[in-house]
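# Analysis of the macromolecular model
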Amino acid sequence: MNKKVTKAVFPVAGLGTRFLPATKAVAKEMLPIVDKPLMQYAVEEAMAAGIDTMIFITGRSKNAIMDHYDKAYEMEVELEARGKDELLKVLRSILPSHISCVFIRQPEALGLGHAVYCARPVVGDEPFAVILPDDLVEDGTRGCMAQMTALYAEKQCSILAVERVDPSQTGSYGIVKTGEATGSYSPIDLIVEKPKPEVAPSNLAVIGRYILNPAIFDKLKHTGRGAGGEIQLTDGIADLMKDEQVLAFEFEGTRYDCGAKLGFLVANVELGLLHPGLKDEFAAYLKALAVSGKI
Ligand code: G1P
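Residues numbered from 1 in each chain as written. Predicted model: local features only at pLDDT ≥ 70, side-chain atom pairs only at ≥ 80, totals over all residues. Heavy atoms only, no water.

Turning our attention to the packing of helix α3 (residues 73–81) against helix α4 (residues 85–93). Taken N-terminus to C-terminus, the directions of α3 and α4 make an angle of 160°; their axes are 9 Å apart at the nearest point. When the axes of α3 and α4 are compared, the pair comes out roughly antiparallel. Here α3 and α4 pass one another in a crossing that is left-handed. Packed against α3, whose contacting residues are Met75, Glu76, Leu79 and Glu80, the element α4 presents Leu87, Leu88, Leu91 and Arg92 at the interface. Along the lines of polarity and charge, the residues of the contact of α3 with α4 split into five nonpolar, no polar and three charged. (Axes fitted to C-alpha atoms, helices over the stretch in contact; angles between N-to-C directions. Helix = DSSP H or I, 4+ residues; strand = E, 2+ residues; numbered from the N terminus. Parallel < 35°, antiparallel > 145°, perpendicular 65-115°, else oblique. Left-handed = near helix turned anticlockwise from the far one by under 90°. Contact = heavy atoms within 4.5 Å. Nonpolar A, V, L, I, M, F, W, Y, C, P; charged D, E, K, R; others polar.)

Here it is in structure tokens:
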């Protein structure tokens, strides 16, 4: 019987030091892009893919994420009393009632592979998605993860979303070498974590979207420390590839690297230009700014 992806793992234990001082007391995943926290984009993308169990791998000082997905009882009562129905709808839509959230503490920041392994008791023996909220993907329609679950429904094997990056940037990503492509997907022959440009097998980079078969857990259990002294998901996947085919998938849409200040700003500008209530005024402002000579 074909298996379905119903669970998503969000590794969100990272300290977010690149965004200090903003992230001293606030989880970086709670920083807003226009009017929604980064975390919410990732959860909405999972929901759009038919996923109903959200598993957050958190750490200290990430309580705001838990609060965000809790019922805001006082706020609801207040908005109801004031007849603010639209806002009440926004508040309630954060987490529809058929969605479950599970929070797991990653006691030590040992790496992405370790974070994913922490989800094992909840994921069990099922395929699952991994979504890194830092990578925000906007495709204007169903979302990157829905594109991937559609392919999974057909192929039933692990799938990594990839995109071409500037060859000078390979040291920031998991990089794959692939065989012959069939449309938007191709078999992965080799995967390496953060290779320097001189030794990178290609410039095809893994972005923060994965669908993994549960066999990855037995691999991660034995994965030692790799690049940067961390237990890398990439190394677990390389091990999995000895037994199973893993596919690279060139998704449709634009990825914003919101883990970096520039990518975060670019996402705010571009998503601001798509926001129904803001786009016209914001576009007029940007045009005026351009003619003013300030940029
Ligand atoms: C992680 C992964 C890397 C992947 C990247 C995508 O790296 O280890 O393989 O390409 O996410 O954003 P990080 O950005 O956490 O250093």
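Anyway, onward from the coordinates.
The element strand β11 (residues 204–212) is extensively covered by neighbouring structure, given that nine of its nine residues are classed as buried. For strand β6 (residues 128–131) and β11, the ladder comprises four bridges, and the chain directions are antiparallel. The residue bridging Phe128 from the neighbouring strand is Leu212, located in β11. Across five bridges, strand β8 (residues 158–164) lies against β11 in antiparallel orientation. Across the sheet, Val162 pairs through a bridge with Val206, a residue of β11. In this sheet, β11 lies alongside strand β9 (residues 174–178) in antiparallel orientation, the contact comprising two bridges. Residue pairing in the sheet places Ile175 in a bridge with Ala205 of β11. (Buried < 20%, exposed > 50% of the residue type's maximum accessible area, 1.4 Å probe, protein only. Pairing = 2+ DSSP bridges.)

Attention now moves to the site of the ligand. With respect to spatial proximity, 13 residues lie near the ligand, and among them Asp135, Gly174, Glu193, Lys194 and Val206 are the closest. At 2.7 Å, a side-chain N or O of Lys194 approaches an oxygen atom of the ligand. The protein chains hide 76% of the 380 Å² of surface that the ligand would expose on its own. The dominant element in the shell around the ligand, judged by the number of residues it contributes, is β11, at four residues. Of the residues in the shell around the ligand, the class split is six nonpolar, four polar and three charged. (Near = heavy atom within 4 Å. Polar contact = N/O pair within 3.5 Å; in protein donor to acceptor, adjacent residues only side chain to side chain. Areas by Shrake-Rupley, 256 points an atom, 1.4 Å probe, with all protein chains shown as cover.)

By the element assignment, His68 lies in helix α2 (residues 63–68). A polar side-chain atom of His68 sits 3.0 Å from a polar atom in the side chain of Gln40. For His68, the residues in contact, after removing those within four places along its chain, are Met30, Pro37, Gln40 and Ile94.

What follows concerns the nonpolar core. Grouped together as the largest cluster of nonpolar side chains are 40 residues, with contacts concentrated most on Phe10, Met39, Ile51, Met54 and Phe56. For Met39, the contacting residues outside a window of four places in its chain are Phe10, Val12, Glu29, Met30, Phe56, Ile65, Tyr69 and Pro133. (Core = buried A, V, L, I, M, F, W, Y, C linked by side-chain atoms within 4.5 Å.)

Secondary-structure assignment places Asp52 in the loop between α1 (38–48) and β4 (53–58). Between the C-alpha atom of Asp52 and that of Leu151, which follows or precedes it by 99 residues, the distance is 18 Å. Engagement of the side chain of Asp52 in a polar contact is seen with the side chain of Thr53, the distance being 3.1 Å.

Here the focus is the state of the cysteines. Counted under the stated rule, the structure contains zero disulfides. We note that Cys101 lacks a disulfide partner, and the nearest cysteine sulfur, in Cys118, lies 18 Å from it. By relative accessible area, which is 23% here, Cys101 ends up partly exposed. Looking at Cys144, it has no disulfide partner, and the nearest cysteine sulfur is the one in Cys258, 14 Å off. Given a relative accessible area of 0%, Cys144 falls into the buried group. (Disulfide = S-S within 2.5 Å.)

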